[in-house]
Each structure stands twice: as C-alpha cells, then as structure tokens.
Amino acid sequence: ASLEVGKVQIYTGDGKGKTTAALGLAMRATGYGLDVLMLQFAKKLHAPNMTQHLEGARIVQADRDTPEACATQIMELAREQIGQVDVLILDELGEAMRRGFVTREDAEALIAM
C-alpha cells in the first residue's frame, strides 16, 4: 500500500470512542499489510481475543511504577519507533498531556521527526 508520509490524525473529546477509533484505524491498516504499533500511555486493553483480530499490529503498554514514568517510557518508545513503522498510534496521549506528563513541545517534536 502507498502511504502519504507525515499524516497525523487526532481523536479527542470527552467520553468514549477515541481508543475504539484508533483500533479501527489499526485494523484497516493491518488489512492493507501495514506495520502498526499502538503505544498506550495509561489504559490496559484486556480483550481476550483482540490480538487475533489485530494480527500484524503490536500493542505495547507502559510497565513502569508511576504514571509519569509510564509516560516517559512510552515517549521514548515513540521516538525510537517513529519512521520505523507505517502507523504509530499513541493511545491516551491527550490524557498524558492533560495531566502534565507530556508537554505540548514533546508532542510537537515527535510529530516533526
């Protein structure tokens, strides 16, 4: 599949649907044979059969002791992986920013890579 480089999609708002929308993007992308990596700042996905439906997508969850350390870990992974995968999803980035764990400058620098 042919991709336009540097496209950013932001799912935001109160309530439900942001992670679900990102998972829909991941499913569509893997269906086209693209390499997808979803990095999760906070929430844990416990759906038992999800991985069979997202074959080809990798989901990495933070495993540090504090929310701040988890955000640092995910941002480090994001910087390492950007440009290495076709689709990089940063699940709950907005919440990490709202809580002050990731700055706007951090997010903008990542997008600019």
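Everything below is about the structure printed above this text.
I will try to describe carefully the structure that is included in this document. In this text the structure is predicted, and so the values were computed from the model without any measurement. (Residues numbered from 1 in each chain as written. Predicted model: local features only at pLDDT ≥ 70, side-chain atom pairs only at ≥ 80, totals over all residues. Heavy atoms only, no water.)

**A closer look at the overall build of the protein chain**
Step number 1: Along the backbone of the protein chain there are five helices and three strands.
Step number 2: Looking at the 113 residues of the protein chain, the share that counts as buried comes to 31%.
Step number 3: Summed over all atoms, the accessible surface of the protein chain reaches about 7,500 Å², with 50% contributed by carbon and sulfur. (Helix = DSSP H or I, 4+ residues; strand = E, 2+ residues; numbered from the N terminus. Buried < 20%, exposed > 50% of the residue type's maximum accessible area, 1.4 Å probe, protein only. Areas by Shrake-Rupley, 256 points an atom, 1.4 Å probe, with all protein chains shown as cover.)

**Structural notes on helix α1 (residues 18–31)**
Along an α-helix, a turn takes 3.6 residues, which lines up residues three or four apart on a common side.
Step number 1: Helix length check: α1, at 14 residues, gives a terminal C-alpha distance of 20 Å against a target of 20 Å (1.5 Å per residue), a fit within 8%.
Step number 2: Burial in α1 covers these residues: Thr19, Ala22, Leu23, Gly24, Ala26, Ala29 and Thr30.
Step number 3: Phi for Gly33, located one or two positions after α1, is positive at around 80°. (Expected span 1.5 Å × (residues − 1).)

**Observations concerning a nonpolar patch on the surface**
Step number 1: A contiguous nonpolar patch, built from Val8, Ile10 and Ile111 and spanning about 310 Å² of accessible area, is present on the exposed surface.
Step number 2: Position of Ile10 among the secondary structure elements: in the segment before α1.
Step number 3: Overall, the relative accessible area of 67% leaves Ile10 in the exposed class. (Patch = residues over 30% accessible without salt bridge, like charges linked within 9 Å, V, L, I, M, F, W, Y side chains within 5 Å. Salt bridge = Lys/Arg side-chain N within 4 Å of Asp/Glu carboxyl O.)

**Concerning the pattern of salt bridges**
Opposite charge on two side chains permits pairing when their charged atoms draw close.
Step number 1: Applying the stated criterion to the full structure yields three salt bridges.
Step number 2: The salt bridge involving Asp35 is made with Arg58; its shortest N-O contact spans 3.7 Å. Placement of Asp35 in the loop between α1 and β1 (36–40) and of Arg58 in strand β2 (residues 57–61) is noted, with a sequence separation of 23 residues between them.
Step number 3: Assessed through its relative accessible area of 28%, Asp35 is described here as partly exposed.
Step number 4: Between Arg104 and Glu108 there is a salt bridge, and its shortest N-O distance comes to 2.7 Å. One end of the pair, Arg104, and the other, Glu108, are both in helix α5 (residues 104–112), four residues apart, so they sit about a helical turn from each other.
Step number 5: You can call Glu108 partly exposed: its relative accessible area is 41%.

**Quick notes on the side chain of Thr19**
Step number 1: Relative to the helices and strands, Thr19 is located in helix α1.
Step number 2: Looking at Thr19, the relative accessible area reads 7%, which means it is buried.
Step number 3: Side-chain polar atoms of Thr19 contact the side chain of Asp91, separated by 2.7 Å. (Polar contact = N/O pair within 3.5 Å; in protein donor to acceptor, adjacent residues only side chain to side chain.)

**Focus: the sheet that holds β1**
Step number 1: Strand order in the open sheet formed by three strands is β2-β1-β3, and the pairing between neighbours is parallel. Among the strands making up the open sheet, the edge pair consists of β2 and β3 (87–91). Pairs of neighbouring strands in the sheet enclose a mean axial angle of 15°, with direction left out of account.
Step number 2: Bridge analysis of β1 against β2 gives five bridges, and the strand direction is parallel. Each bridged residue has a counterpart across the sheet, and for Leu39 the counterpart in β2 is Val60.
Step number 3: Strand contacts of α1: β1, β2 and β3, with the helix running at about 165° to β3, the strand carrying the most contacts. (Pairing = 2+ DSSP bridges. Axes fitted to C-alpha atoms, helices over the stretch in contact; angles between N-to-C directions. Contact = heavy atoms within 4.5 Å.)

That's the geometry; what it means functionally is another story.
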